[in-house]
Amino acid sequence: MKIVANLAQIQSQINDIERQYQRPKGSVRLLAVSKTRSVDEIRAAIGAGQRHFGENYCQEAIEKIKVLKNPELTWHFIGPIQSNKSRQIATNFDWVHTVDRIKIARRLNEARLESSHALKICVQINISEEQSKSGISINEARDFIKELDGFSNLCVRGLMALPAPASLIEEQRKPFAKLRECFEQLRQNRPELDTLSIGTTQDMEAAIAEGATIVRIGTAIFGPRNA
Ligand SMILES: *Cc1c(COP(=O)(O)O)cnc(C)c1O
């Protein structure tokens, strides 16, 4: 399957870009975005050694998670969170990248079983503000994260963003650079923050140049999605 070759190629691109921008080897994790993809496509990626998968739609994801039933896999929720889905997200996923409301965080915290490891969280930041309604603004990040401190079943790991598309790498780097600056400031008081979830197929190099620790790649692994 093409998926196997694609994964090898992207992993080697990531290694090259790490080197080019003086990032430590292995500091960027590849998250395979498998929304809309079949269980067989995901199995092909697993066969090639991929272990981290990102999904956007709760129901679709949970069906796949249950069919695959593989304890070696780590599932990341990267879509908008509907309040009534927060329980299912909290109990089926290991990571949630798109936390941008305290109300949702509270629900995730309440639903996360205390017997499980804390749910790993990224706070979604809206860095190109006109583009989408998802994410808090960058200057709210500090207070927002402070409010999450009270939720003992959540573990805040960092920031996530999905900026407006741009074609030139110089343009792509600008919003990521702003996010990185915010991240570095937060880390001065919170060294446990270790995750910057930025970069898709379109802007992976710019994201790694600006400090991505997780890149979320769908199309370059699985091919174009049907609309
Ligand atoms: C779909 C999606 C991706 C992957 O995008 P590609 O262009 O297919 O690599 C990454 N992040 C989020 C939040 C997504 O919804």
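See the structure printed just above.
Scope of this entry: the structure provided in the associated data block. (Residues numbered from 1 in each chain as written. Predicted model: local features only at pLDDT ≥ 70, side-chain atom pairs only at ≥ 80, totals over all residues. Heavy atoms only, no water.)

Thoughts on helix α5 (residues 102-111)
In an α-helix, one turn spans 3.6 residues, which is why side chains three or four residues apart end up on the same side. Short version of the rule: Think of it in three bands: with a 1.4 Å probe and only protein chains considered, a residue is buried below 20% of the maximum accessible area for its type, exposed above 50%, and partly exposed in between. Starting at the N terminus, helices and strands are each numbered in turn, a helix being any DSSP run of H or I of at least four residues and a strand any DSSP run of E of at least two. Here, residues are in contact when the closest pair of their heavy atoms is within 4.5 Å.
If you check which residues of α5 are buried, you get I102, I104, A105, L108, N109 and A111. Where α5 is buried, its residues contact α4 (86-92), β4 (95-99), β5 (119-124), α6 (141-148) and β6 (154-160).

Here's the deal with the site of the ligand
For clarity, the cut-off: Proximity criterion: a residue is near a molecule or strand once any of its heavy atoms comes within 4 Å of it. Nitrogen and oxygen atoms within 3.5 Å of one another constitute a polar contact, given that in protein one can donate a hydrogen and the other can accept it, and given that sequence-neighbouring residues count only through two side-chain atoms. The Shrake-Rupley method, run with a 1.4 Å probe, gives the accessible areas here. Residue values count only the displayed protein chains as cover.
Every one of the 13 residues lining the ligand counts as a neighbour, but K35, N56, T201, T219 and R225 are closest to it. With respect to the ligand, the side chain of N56 contributes an N or O atom lying 2.7 Å from an oxygen atom. With respect to the ligand, the backbone of G218 contributes an N or O atom lying 2.8 Å from an oxygen atom. Contact with the protein chains covers 89% of the free accessible surface of the ligand, which is 390 Å².

Description of the packing of aromatic side chains
Definition in use: Centres within 6.5 Å are what make two rings of Phe, Tyr or Trp a pair, Trp counting through its six-membered ring; a difference in plane orientation under 30 degrees is then read as stacked, over 60 as edge-to-face, and the rest as tilted.
Under the criterion given, the structure shown has 2 aromatic pairs. Considering the side-chain rings of F53 and W75, the 5.6 Å spacing of their centres and the 35 degrees angle between planes classify their relative orientation as tilted. Note that F53 is positioned in strand β2 (residues 52-55) and W75 in strand β3 (residues 74-77), a separation of 22 residues in sequence. Both residues of the pair, F53 and W75, belong to the buried class.

Some thoughts on the nonpolar core
For the record, the criterion: Definition used in this section: a nonpolar core is a set of buried Ala, Val, Leu, Ile, Met, Phe, Trp, Tyr and Cys residues joined via side-chain atoms within 4.5 Å.
Judged by nonpolar contacts, the single largest core of 65 residues is most densely connected at F53, V96, L108, V123, L159, V215 and I221. Dropping the residues within four chain positions of it, I221 is found in contact with I3, N6, L7, I10, L30 and A32. Counting residues in each nonpolar core, the second largest holds 7 residues, with V33, C122, M160 and I214 among its members.

What to know about the state of the cysteines
To be explicit about the condition: Cysteine sulfur atoms that pair up within 2.5 Å are treated as a disulfide.
Across all of its chains, the model carries 0 disulfides by this definition. You can see C58 has no disulfide; the closest cysteine sulfur is in C122, sitting 18 Å from it. C58 sits in the buried class, given a relative accessible area of 7%. With no disulfide of its own, C182 has C122 as its nearest cysteine by sulfur position, at a separation of 13 Å. Take C182: its relative accessible area is 10%, and that puts it in the buried class.

Observations concerning helix α7 (residues 169-189)
For clarity, the cut-off: Each helix should span, by expectation, one fewer than its residue count multiplied by 1.5 Å. To get the bend at a given residue, fit one axis to the seven residues ending there, fit another to the seven starting there, and take the angle between those axes.
A rise of 1.5 Å per residue sets the reference length of α7, with its 21 residues, at 30 Å; its end C-alpha atoms lie 31 Å apart and thus fit the reference within 8%. Taking the largest bend as the criterion, α7 deviates by roughly 25 degrees, centred on P175. Buried residues in α7 make contact with α6, β6, β7 (195-197) and α8 (204-209).

Focus on unusual backbone geometry
A positive phi is found at Q22, a non-glycine position, where the angle reads about 55 degrees. Checked against the element boundaries, Q22 lands in the loop between α1 (2-20) and β1 (29-33). Backbone geometry places K69, a non-glycine residue, at a positive phi of 45 degrees. You can see K69 is positioned in the loop between α3 (58-68) and β3. Relative accessible area serves as the criterion here: at 70%, K69 is assigned to the exposed category.

Description of the pairing of strand β8 (residues 214-217)
Applied cut-off: Strand pairing is assigned whenever DSSP identifies at least 2 bridges connecting the two strands.
Burial along β8 is two-sided: I214 and R216 and V215 and I217, pointing in opposite directions, are all buried. One ladder, built from 4 bridges, connects β1 with β8; its direction is parallel. Counterpart to R29 in the pairing with β8 is I214.

Here's the deal with the packing of helix α2 (residues 39-47) against α3
We apply this condition: Here an axis means a line fitted to C-alpha atoms, over the contact stretch when the element is a helix, while the angle between two N-to-C directions is reported on a 0 to 180 degree scale. Orientation is classified from the angle alone, with under 35 degrees giving roughly parallel, over 145 giving roughly antiparallel, 65 to 115 giving roughly perpendicular, and any other angle giving oblique. Crossings are classed by handedness, with left-handed meaning an anticlockwise turn of the near helix from the far one by less than a right angle and right-handed meaning a clockwise turn.
Running from N to C, α2 and α3 point in directions that differ by 55 degrees, and their axes come no closer than 11 Å. Our classification of the angle between α2 and α3 gives oblique. Between α2 and α3 the crossing geometry is right-handed. Counting all contacts with α2, which are made through V39, I42, R43 and I46, the residues of α3 involved are K64, V67 and L68.

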